[in-house]
Amino acid sequence: MHKAPRSAIPGFYRMSLADRQAIAREWAGLSEDDLQSLNDSGLSLAQADLMIENVIGRYSLPLALATNFRINDRDYLVPMVVEEASVVAACSAAAKLFRQGGGFAASADEPVMIGQIQLLDLADMECAIEAILARKAEIVARANEGAGSIVARGGGALDLEVRPLRNTTVGDMLILHLHFDVRDAMGANLVNSALERIAPYIESISGGRVNLRILSNLSDRRLARASGTIPRNALAMNDAPGTKAVHWICEAAAFAEADPYRAATHNKGIMNGIDALMLATGNDWRAVEAGAHAYASRGGRYSSLTTWSIDDSGNLRGEIELPLAVGIVGGATRTHRGAQTSLKILGVRSAQELAQVAAAVGLAQNLAAIRALATDGIQKGHMRLHARQLALAAGAAEEKAHAVAAQMVEEGNIGLARARDIVRAQRER
Ligand code: MEV
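These figures come from a predicted structure and were not determined experimentally.

With that out of the way, let us pick up the overall build of the protein chain. In terms of helices and strands, the protein chain carries 16 helices and 10 strands. By its C-alpha atoms, the protein chain is 90 × 50 × 50 Å across when sized along the principal axes. By the burial criterion, 47% of the 429 residues in the protein chain qualify as buried. Intrachain contacts of the protein chain at a sequence separation of at least 6 include 72% that bridge at least 24 residues.

Written out as structure tokens, the structure is:
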């Protein structure tokens, strides 16, 4: 019987880079070309020069895989591009905890983006609203004329809403929201083009003047959710039983819910994971950031994107919900070989599935941070990883780096000079 591969790969972090590549290759059936994209940043100078303006070179970051993810009963290795040490290790460790409770359950809305048209100089706001709503079907049809293959693929403009904004600093204005199903794309180009197509018609039927035509990054019709439960015993640490850790984590969550100063840092931790996945897959992480933080303020006060609670059995339950306007086609996902390889490793079949994975990654990253903060403090783990990197920089062999790092942590003397001394002493022995 064929057994699905497991993303719980013991000791992955201790393997050599070549061994990790071999696992990724086997996992996703990577070609020589795919592997090459991991080794050369996945972007030629010529491609870089076509991607943006005034190019003088390329700039690389590490691409890593987070292990242990199980979402909706499927295993994933999650590609992450990030410059901050500890993020990938923490994410993998948290996913392992969720795995012990059966993994994540995740869902995502249909990929519907909101495009905005700003309409001004209206002689009569109510008449304009009536005229526009009476022609809603015609406007939606015009938005789809010339929209290309997206309509055939089941997407396209769906609906139109009006939102009067009165007494702004420049007077009254009417805002139109075009709802547009972008299928597997992030969708900015599809939506902005549709808005520009319908703007002249909107002016002609309303008698007003259109100013802006642009999508909204508060894509709250495109939400993704993830949740999971961690058995309390899995959270026992040092001398503290799991019940204590569960309680402390919920206290940390309550702090972020109540206080915007803490919520900003709490949500930053969530975005550590989500942005890293966005970068790896060639997505517009600024758009996702903007949507996440705007959504975190939807109650009128900036708050946490996650909720943590204790379930009836005393286990820890976590939930996240946020807008995730992500794509697996178009943009950098098409032009960047590295992004294509990341998507191949991740193996998602739709933008909605990518959004589900991103939500789960955000929840895992959040758990890792607040668990560390509510127990050992964040520095201990950081220092352990930092020590390991120093050990490698001092010339320790992969299999010895762990011991060198452990000795430095034990001595409370973490530095390159000390790492060199220990490595030298090991060699002399
Ligand atoms: C650091 O990059 C992220 C944290 O500050 C997140 C948090 O405080 O929850 C550790």
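Considering all chains together, one arrives at 3 aromatic pairs under this definition. Taken together, the ring pairs in this structure connect Phe69, Phe98, Phe104 and Trp308 into an aromatic cluster. The side chain of arginine 142 reaches across the aromatic face of tyrosine 201, ending 3.7 Å from its centre. Sitting over the ring of tryptophan 285, arginine 286 keeps its end group 5.1 Å from the ring centre.

In this section: the site of the ligand. Around the ligand lies a shell formed by Glu84, Arg262, Thr265, His266, Lys268, Gly269, Asn272, Ala369, Leu373 and Ile378. The side chain of glutamate 84 places a nitrogen or oxygen atom 2.8 Å from an oxygen atom of the ligand. A distance of 2.9 Å separates an oxygen atom of the ligand from a polar atom in the side chain of asparagine 272. Protein contact buries 83% of the 300 Å² of open area that the ligand shows by itself. Of all the secondary structure elements, the ones that give two or more residues to the shell around the ligand are helix 9 (260-280) and helix 13 (351-374). The biggest single contributor to the shell around the ligand is helix 9, with 6 residues. A per-class count over the shell around the ligand returns 3 nonpolar, 4 polar and 3 charged.

With that settled, the discussion passes to the pattern of salt bridges. This model, assessed by the stated rule, comprises 24 salt bridges. A salt bridge links aspartate 34 to arginine 337; the shortest N-O distance between them is 2.9 Å. A residue pair is termed long-range when its members are at least 10 positions apart, and aspartate 34 in helix 2 (residues 32-39) and arginine 337 in helix 12 (residues 337-346) qualify at 303 residues. Here aspartate 34 falls in the buried class, since its relative accessible area comes to 5%. Within this structure, Asp33, Asp34, Arg337 and Lys344 form a network of salt bridges that share partners.

What follows covers the nonpolar core. Counting residues in hydrophobic clusters, the biggest one holds 64 residues, and the most contacted among them are Phe69, Val78, Trp308 and Leu324. When residues of this core are assigned to their parent elements, the largest contribution, 12 residues, is made by helix 13. If near-sequence neighbours (up to four positions away) are discounted, phenylalanine 69 is found in contact with Ser7, Arg74, Asp75, Tyr76, Val78, Cys91, Ala95, Arg99, Phe104, Ala360, Val361 and Ala364. Judged by nonpolar contacts, the second largest core, of 32 residues, contains Leu178, Ala194, Leu195 and Ile202.

We now examine the side chain of serine 206. Summarising the element assignment, serine 206 is placed in helix 7 (residues 188-206). The exposure class assigned to serine 206 is buried, which follows from its relative accessible area of 14%. Of note is the side chain of serine 206, whose polar atom sits 2.7 Å from the backbone oxygen of isoleucine 202. Side-chain polar atoms of serine 206 contact the backbone nitrogen of glycine 208, separated by 3.1 Å.

A word on the sheet that holds strand 5 (residues 156-168). A sheet is described by the order of its strands in space; here 4 strands give the open sequence 5-6-4-7, paired in antiparallel fashion. Where the open sheet ends on each side, the last strands, each with one partner, are strand 5 and strand 7 (209-215). When strand polarity is set aside, the average angle formed by the axes of neighbouring strands in this sheet is 20°. Bridge analysis of strand 4 (residues 112-120) against strand 7 gives 5 bridges, and the strand direction is antiparallel. Paired with glutamine 116 across the strands is isoleucine 214, a residue of strand 7.

In the structure shown here, the tally under the stated rule is 0 disulfides. Between cysteine 91, a free cysteine, and cysteine 250, which holds the nearest cysteine sulfur, the sulfur-to-sulfur gap is 20 Å.

Moving on, we get to the packing of helix 8 (residues 242-258) against helix 13. For the pair helix 8 and helix 13, the least separation of the axes is 9 Å and the interaxial angle reads 110°. Between helix 8 and helix 13, the angle is such that the two are roughly perpendicular. Here the hand of the crossing between helix 8 and helix 13 comes out right-handed. Listed contacts from helix 13 to Trp248, Ile249 and Ala252 of helix 8 are Leu367, Ile370, Arg371 and Ala374. Residues of the contact of helix 8 with helix 13, tallied by class, amount to 6 nonpolar, no polar and 1 charged.

Basis of the calculations
Residues numbered from 1 in each chain as written. Predicted model: local features only at pLDDT ≥ 70, side-chain atom pairs only at ≥ 80, totals over all residues. Heavy atoms only, no water. Helix = DSSP H or I, 4+ residues; strand = E, 2+ residues; numbered from the N terminus. Buried < 20%, exposed > 50% of the residue type's maximum accessible area, 1.4 Å probe, protein only. Contact = heavy atoms within 4.5 Å. Phe/Tyr/Trp six-rings, centres within 6.5 Å; stacked < 30°, edge-to-face > 60°. Lys NZ or Arg CZ within 6 Å of the ring centre and 35° of its normal. Near = heavy atom within 4 Å. Polar contact = N/O pair within 3.5 Å; in protein donor to acceptor, adjacent residues only side chain to side chain. Areas by Shrake-Rupley, 256 points an atom, 1.4 Å probe, with all protein chains shown as cover. Nonpolar A, V, L, I, M, F, W, Y, C, P; charged D, E, K, R; others polar. Salt bridge = Lys/Arg side-chain N within 4 Å of Asp/Glu carboxyl O. Core = buried A, V, L, I, M, F, W, Y, C linked by side-chain atoms within 4.5 Å. Pairing = 2+ DSSP bridges. Axes fitted to C-alpha atoms, helices over the stretch in contact; angles between N-to-C directions. Disulfide = S-S within 2.5 Å. Parallel < 35°, antiparallel > 145°, perpendicular 65-115°, else oblique. Left-handed = near helix turned anticlockwise from the far one by under 90°.

Nothing here speaks to function; it is geometry throughout.
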